[in-house]
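If you want the building blocks of each chain, they are given just below.
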Amino acid sequence: MTGRTDPALDPLKARIAGVQLGAESEERGKVIAIADGLATVDGLPGAELNEILTFSNGARGFVMTLEEDHLNVACLDPSDDVAAGTHVTRSGELASVPVGEHLFGRVLDPLGRPLDNGSMPEGSERLPVERPAPAIIDRDFVTEPVETGLLVVDALFALGRGQRELIIGERQTGKTSIAVDTIINQANSDIISIYVAIGQRTSAVRHVIDAVREHGRMEQTIFIVAEASAEPGLQWLAPFSATSIAEWFRDRGQHVLIVYDDLTKHAATHRELALLSRQPPGREAYPGDIFYLHARLLERAAKLSNARGGGSLTALPIAEIEAGNLSAYIPTNLISISDGQIVTSQSLFAANQRPAIDIGLSVSRVGGKAQWGTMKSVAGRLRLDYAQYLEMKMFSRFGGFGDEAMASRMKRGERIAALLAQPRLSPLDLMTQIALLSALIEGILDDVDLKDIPTLKARLSSLLATDSKFSEVDVKTDKLDKATKSALLEAVHTALKQS
């Protein structure tokens, strides 16, 4: 017999020859305690912070804290089948999230798993959820506005690309509505929007998604959702995961708006996990690193220099307060970290003045530097006039004003309040805002019935949108030229006649 072999076996022989034989080692730990989504794991001396670990039943978690003799692991999957004695192995990978344009229009959890009944996002590129903030030398000045479509914000508290503006107020005062209206107004801009739901009700998240789908641009929006029923580890990761997705676009020279709804619940989740891991409690039982938690998150929002591509990441964190107490621990932390705050008022909301923004407590630390010149020229005295009106309105309860000048101020203030009132999901474009404020300054609205102002705004917006000459106006100039201003005022007169 000859020593011939079957050629089909050659690939198998090559694979066998390439196998490296020898001893293999694997770190394996075990759960020594678990409660409310946090497992205490013994062993795994080589595990890293934020590394993904796998339990023997297939559930996953990430290393939240490293202690001298054990690990605290926050669960990312339901932990009903995890108990003391369950084996745990390392994955060697840090917690990460998929990034890329294929995420547009998707509803995902903080690990990139679909929540919209769609397929898993395609693409192999992922980024760690925890990334360092841009260095000071890599940043640029905040000079371009993010147009919210809300006259009260765009005129009084201009929001800039790369800014961190806190939206804070009591429960059910329209905080989320302000953020959602801002997302919807980006339908005609080059800004990508990301909405992060942290510990929110499923119905509330669904309303936000439906509003953006119906009124906004879903194909330029991404939703990262860790609802109230999600594991605490997912709720903790949600804002960091969404920020990594946003940074992928920012680092490519694009502009991103991210809404964190809300960081009060995120802080409560962090406190829960910290107490379970026996970290020393501080004020209001929060651990000592609660300030650093949100500081390192919000510092990642920035306007990058031209050398770094010129992209921007604008953050709108939302926080909830109780009984109007702005001096509570988490609110004061967030106010000190952010570049200003928009404060919503329970009394204004009850009085149907919406958006219910308290102009006395609200501020933007970027302000006019992020406003186009034309808007700045017509909004200069608006805040002062409105504040004086609110003060006079309070004192008018004790009797009328006999002074004609004071009565005129009250009349002007009522028109300002009517202009600033704006229903949800009805953003105003920049030219409409400039036209309305120009008409206010010129006294055109002084004799207009307050009931007619909402109709005026709607008709004026449609009128300006159909006139091509207004789309060519340079809004970056210091003020409107006489011809453009006359044309805008004429458009207001036309809209008044139609209404």
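Scroll up a little and you will see the structure.
Residues numbered from 1 in each chain as written. Predicted model: local features only at pLDDT ≥ 70, side-chain atom pairs only at ≥ 80, totals over all residues. Heavy atoms only, no water.

## Some details on unusual backbone geometry
Part 1: In this model, aspartate 261 is joined to aspartate 262 through a cis peptide bond whose omega is -5°.
Part 2: Within the secondary structure, aspartate 262 is located in the loop between β13 (255-261) and α6 (263-276).
Part 3: At the junction of arginine 354 and proline 355, the peptide bond is cis and its omega measures out at 5° in the coordinates.
Part 4: Relative to the helices and strands, proline 355 resides in the loop between α9 (346-350) and β16 (363-364).
Part 5: Phi at leucine 44 takes a positive value of approximately 55°, unusual for a residue other than glycine.
Part 6: Locating leucine 44 in the fold gives a position in the loop between β2 (38-42) and β3 (51-55). (Helix = DSSP H or I, 4+ residues; strand = E, 2+ residues; numbered from the N terminus.)

## Thoughts on the pattern of salt bridges
Pairing between side chains becomes possible if they bear opposite charge and their charged atoms approach one another.
Part 1: Throughout the structure, instances matching the rule amount to 26 salt bridges.
Part 2: The residue arginine 131 makes a salt bridge to glutamate 247 at a minimum N-O spacing of 2.9 Å. Here glutamate 247 lies in helix α5 (residues 232-250) and arginine 131 lies in the loop between β9 (126-128) and α2 (151-156), a separation of 116 residues in the sequence.
Part 3: Note on arginine 131: relative accessible area 24%, which makes it partly exposed.
Part 4: Here arginine 164 ties to glutamate 299 by a salt bridge, and the two come within 2.6 Å at their closest N and O atoms. Placement of the pair is arginine 164 in the loop between α2 and β10 (166-170) and glutamate 299 in the loop between α7 (290-298) and β14 (312-321), with a sequence separation of 135 residues.
Part 5: According to the relative accessible area criterion, arginine 164 is buried, its value standing at 9%.
Part 6: The class for glutamate 299 is partly exposed, based on a relative accessible area of 31%.
Part 7: Connected through salt bridges with shared partners, the residues Arg131, Asp138, Glu247, Arg250, Asp251, Arg300 and Arg308 form a single ionic network. (Salt bridge = Lys/Arg side-chain N within 4 Å of Asp/Glu carboxyl O. Buried < 20%, exposed > 50% of the residue type's maximum accessible area, 1.4 Å probe, protein only.)

## Here we look at the side chain of arginine 415
Part 1: Its place among the elements puts arginine 415 in helix α12 (residues 404-420).
Part 2: By relative accessible area, arginine 415 is classed as buried at 8%.
Part 3: Ignoring sequence-local partners within four residues, the contact set of arginine 415 consists of Leu440, Leu445, Asp446, Asp447, Val448, Leu450 and Ile453. (Contact = heavy atoms within 4.5 Å.)

## Brief notes about the environment of aspartate 154
Part 1: Tracing the backbone shows aspartate 154 in helix α2.
Part 2: Residue aspartate 154 is classed as buried on the basis of its relative accessible area of 8%.
Part 3: Taking the C-alpha atoms as reference, aspartate 154 lies 9.9 Å from leucine 428; in sequence the two are 274 residues apart.
Part 4: With sequence-adjacent residues up to four places away left out, aspartate 154 is seen in contact with Val146, Glu147, Thr148, Gly149, Gln371, Met375 and Gln433.
Part 5: Of the polar contacts made by the side chain of aspartate 154, one reaches the side chain of threonine 148; its length is 2.9 Å. (Polar contact = N/O pair within 3.5 Å; in protein donor to acceptor, adjacent residues only side chain to side chain.)

## Description of the sheet that holds β14
Part 1: The sheet built from 8 strands is open, its strands ordered β8-β12-β11-β13-β14-β10-β15-β16 with mixed pairing. Each having just a single partner strand, β8 (107-108) and β16 make up the two edges of the open sheet.
Part 2: Examined bridge by bridge, strand β15 (residues 340-343) and β16 share 2 bridges and lie antiparallel to one another. Note on β16: the bridge partner recorded for glycine 340 is serine 364. (Pairing = 2+ DSSP bridges.)

## As for α7
Part 1: Along α7, 7 of the 9 residues are buried, which leaves the element largely enclosed by surrounding structure.
Part 2: Restricting attention to buried positions, one finds in α7 the residues Ile290, Leu293, His294, Ala295, Arg296, Leu297 and Leu298.
Part 3: Residues of α7 that are buried sit in contact with α5, β13, α6, β14 and α8 (329-337).

## Notes on the pairing of strand β4 (residues 60-66)
Part 1: Within β4, 5 of the 7 residues are buried, leaving the element largely enclosed by the surrounding structure.
Part 2: Summarising the sheet, β3 and β4 pair through 3 bridges and their orientation is antiparallel. Residue pairing across strands places leucine 53 opposite glycine 61, the latter belonging to β4.
Part 3: In this sheet, strand β5 (residues 71-75) lies alongside β4 in antiparallel orientation, the contact comprising 5 bridges. Across the sheet, the residue bridging to phenylalanine 62 is alanine 74, located in β5.

## Examining the packing of helix α13 (residues 430-441) against helix α15 (residues 482-498)
Part 1: At a closest axis distance of 9 Å, the pairing of α13 and α15 adopts a crossing angle of 85°. Between α13 and α15, the angle is such that the two are roughly perpendicular. Residues Met431, Ile434, Ala435, Ser438 and Ala439 of α13 form the contact with α15, whose own contacting residues are Leu488, Leu489 and Val492.
Part 2: Residues of the contact of α13 with α15, tallied by class, amount to 7 nonpolar, 1 polar and no charged. (Axes fitted to C-alpha atoms, helices over the stretch in contact; angles between N-to-C directions. Parallel < 35°, antiparallel > 145°, perpendicular 65-115°, else oblique. Nonpolar A, V, L, I, M, F, W, Y, C, P; charged D, E, K, R; others polar.)

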